[in-house]
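Chain by chain, the residues:
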Amino acid sequence: MIRKTGMYITDNIWAQIASSPEKIGELKNKVVLVTGSSKGIGRDIADNFVKNGYKVVYTYNHTIIPDLIDSSNIFKVKIDIGNRISVQKALSDIRNYFG
């Protein structure tokens, strides 16, 4: 059930982005960070951005992210959104990786 919901949301978000060519151009030069992307809806959303050529940050806190393709457009980072130090470290790691 979650997978179906996740795919619907992912497709819906992608349809909104794809319907605005100027947004695609803006996003192609940015890094997409998806919280909760180790599983479920977050994973579906992150995977969809990767499939469409975006630079994507997969985040996790407790569940390690399995089975990602090997790509320089993908970075995974452990982050606790409720912890300021964790967020600052993650953002620093992301900047160091993607420049």
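For the structure given in this document, a descriptive report is provided here. (Residues numbered from 1 in each chain as written. Predicted model: local features only at pLDDT ≥ 70, side-chain atom pairs only at ≥ 80, totals over all residues. Heavy atoms only, no water.)

1. Looking at the overall build of the protein
Counting its regular elements, the protein contains four helices and three strands. Relative to its full complement of 99 residues, the protein shows a buried share of 33%. Of the contacts made within the protein by residues no fewer than 6 positions apart, 44% connect residues no fewer than 24 positions apart. Carbon together with sulfur atoms contributes 56% to the accessible area of the protein, which is approximately 6500 Å² in total. (Helix = DSSP H or I, 4+ residues; strand = E, 2+ residues; numbered from the N terminus. Buried < 20%, exposed > 50% of the residue type's maximum accessible area, 1.4 Å probe, protein only. Contact = heavy atoms within 4.5 Å. Areas by Shrake-Rupley, 256 points an atom, 1.4 Å probe, with all protein chains shown as cover.)

2. Some remarks on the sheet that holds strand S1 (residues 31-34)
The strand order across the open sheet built from three strands is S1-S2-S3, with neighbouring strands paired in parallel fashion. Each of the sheet's edge strands pairs with one partner strand only, and the pair in question is S1 and strand S3 (74-78). Averaged over all neighbouring strand pairs, the angle between strand axes comes to 20°, with direction disregarded. In this structure, strand S2 (residues 55-60) lies alongside S3, joined through five bridges in parallel fashion. Within S3, the position partnered with Val56 by the bridge is Ile74. Along the sheet, helix H3 (residues 40-51) makes contact with S1, S2 and S3, crossing S2 at roughly 160°. On top of the sheet, helix H4 (residues 84-98) reaches S1, S2 and S3; it is set at about 160° to S3, its chief contact. (Pairing = 2+ DSSP bridges. Axes fitted to C-alpha atoms, helices over the stretch in contact; angles between N-to-C directions.)

3. Thoughts on the pairing of S1
Burial along S1 is one-sided: the face carrying Val32 and Val34 is buried and the face carrying Val31 and Leu33 is not. Viewed along the sheet, the connection from S1 through H3 into S2 turns out right-handed. (Right-handed = clockwise from strand over helix to strand, strands pointing away.)

4. As for H3
Here H3 contains 12 residues, and its C-alpha end-to-end distance of 17 Å stays within 8% of the 16 Å for a straight helix at 1.5 Å per residue. The complete set of buried residues in H3 reads Gly40, Gly42, Arg43, Asp44, Ile45, Ala46, Asp47, Asn48, Phe49 and Val50. Residue Gly53 follows H3 closely and has a positive phi angle near 90°. (Expected span 1.5 Å × (residues − 1).)

5. Looking at H4
Across its 15 residues, H4 extends 21 Å between first and last C-alpha, which sits within 8% of the 21 Å expected from 1.5 Å per residue. By the burial criterion, the buried members of H4 are Ser86, Ala90, Ile94 and Phe98. Considered in projection along H4, the buried side chains sweep an arc of 80° and stay on one side of the axis. Among the exposed residues of H4, those pointing more than 90 degrees away from its buried face are Arg84, Ile85, Lys89, Arg95 and Asn96. Those residues of H4 hidden inside the fold are in contact with S1, S2 and S3. Among the residues of H4, the N-terminal cap falls to Asn83, whose side-chain oxygen and the backbone nitrogen of Ile85 are separated by 2.9 Å. Once H4 finishes, Gly99 follows within two positions and takes phi at roughly 85°, a positive value. (Arc of directions from axis to C-beta. Polar contact = N/O pair within 3.5 Å; in protein donor to acceptor, adjacent residues only side chain to side chain.)

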